[in-house]
Amino acid sequence: MSVSSIPTATPPATSERIKTAGPTNTTARTESEEPPRTTSDTSTGDKSVYVDLSPVARMMSAQGGGPASAAGNTDIDESDLPSVVKDLLKRIRELKQKLQELQQQMRQVQSDAGLSPEQRQTKLQQLQGQIQAISAALSTVNSALGKAVKQQNLSPDQLTEVASFLAA
């Protein structure tokens, strides 16, 4: 089979799925697909865009962007720690926040009376899988932080600072 005979799928021109690394998946649609939630002047040819945020993304937006925002890591950025240690601390903070969000989602699924037992079980299994993956990533980053701390020969004050960031 030649390369030119392989069928390729082209995405529809009116819908685009935007996927990010975190829980902030959004869907953008032109006004021909879904009623717009924002308005624009259609006389100039502008199109409205409907953006649907996940529940986690809505919660993070209400809280000001979550720990990944610049303000959420200011304390780490302002410390006198080496940049590799700062980056690992930020990643640990991010993973801990994701774990909390997933645990909250599990509580919501468990208390959702609108779900059948099969739907609830399926959703809980999906969330448990995500929690296991995040927990494994957290363990890996914690191990990398331990190695980085040893390699950087941190002072006692810096070690105390790392411990305080981990405890927070």
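About the cut-offs
- Residues numbered from 1 in each chain as written.
- Predicted model: local features only at pLDDT ≥ 70, side-chain atom pairs only at ≥ 80, totals over all residues.
- Heavy atoms only, no water.
- Salt bridge = Lys/Arg side-chain N within 4 Å of Asp/Glu carboxyl O.
- Helix = DSSP H or I, 4+ residues; strand = E, 2+ residues; numbered from the N terminus.
- Buried < 20%, exposed > 50% of the residue type's maximum accessible area, 1.4 Å probe, protein only.
- UniProt positions renumbered as here; feature names shortened; annotations may be inferred.
- Expected span 1.5 Å × (residues − 1).
- Contact = heavy atoms within 4.5 Å.
- Lys, Arg positive; Asp, Glu negative; His and termini not counted.
- Axes fitted to C-alpha atoms, helices over the stretch in contact; angles between N-to-C directions.
- Parallel < 35°, antiparallel > 145°, perpendicular 65-115°, else oblique.
- Left-handed = near helix turned anticlockwise from the far one by under 90°.
- Nonpolar A, V, L, I, M, F, W, Y, C, P; charged D, E, K, R; others polar.

The name given to the chain in an unreviewed UniProt entry is Chemotaxis protein, and the organism recorded there is Hylemonella gracilis.

In the structure shown here, the tally under the stated rule is 4 salt bridges. With its nearest N and O atoms 2.9 Å apart, the salt bridge here joins Arg-93 to Asp-75. Taken as a pair, Arg-93 in helix α3 (residues 83–110) and Asp-75 in helix α2 (residues 74–77) lie far apart in primary sequence, 18 residues in all. For Asp-75, a relative accessible area of 36% translates into the label partly exposed. For Arg-91, the salt bridge goes to Glu-94, with nearest N and O atoms at 2.8 Å. Taken together, the positions of Arg-91 and Glu-94, both in helix α3 and 3 residues apart, correspond to about one turn of that helix.

The next thing to look at is the UniProt feature "coiled-coil region" (unreviewed entry) in the chain. The sites that UniProt annotates as "coiled-coil region" (unreviewed entry) are residues 85–112. Summarising residues 85–112: 93% helix, 0% strand, and an end-to-end C-alpha distance of 41 Å.

Its 36 residues place the ends of helix α4 (residues 117–152) 51 Å apart at the C-alpha level, agreeing with the 52 Å of an ideal helix rising 1.5 Å per residue. Among the residues making up α4, those that are buried are Leu-124, Leu-127, Ile-131, Ile-134, Leu-138, Val-141, Leu-145, Ala-148 and Val-149. On its buried face, α4 is in contact with α3 and α5 (156–167). With its phi angle positive at about 50°, Asn-153 sits one or two positions after the end of α4.

The subject of this paragraph is the side chain of Lys-86. With respect to the helices and strands, the residue Lys-86 is situated in helix α3. Among buried Asp, Glu, Lys and Arg side chains, Lys-86 stands out as unpaired, with Asp-77 the closest opposite charge at 5.6 Å. Setting aside residues no more than four positions away along its own chain, Lys-86 makes contact with Ile-76, Asp-77, Ser-79 and Leu-81.

Right, let's talk about the packing of α3 against α5 for a bit. Where α3 meets α5, the closest approach of the two axes is 10 Å, and the angle between their N-to-C directions is 15°. In this view, α3 runs roughly parallel relative to α5, as classed from their interaxial angle. The two elements α3 and α5 meet at a crossing, and its hand is right-handed. The residues of α5 that touch α3, namely those facing Val-85, Leu-89, Ile-92, Arg-93 and Lys-96, are Val-162, Phe-165 and Leu-166. When its residues are assigned to classes, the contact of α3 with α5 shows 6 nonpolar, no polar and 2 charged.

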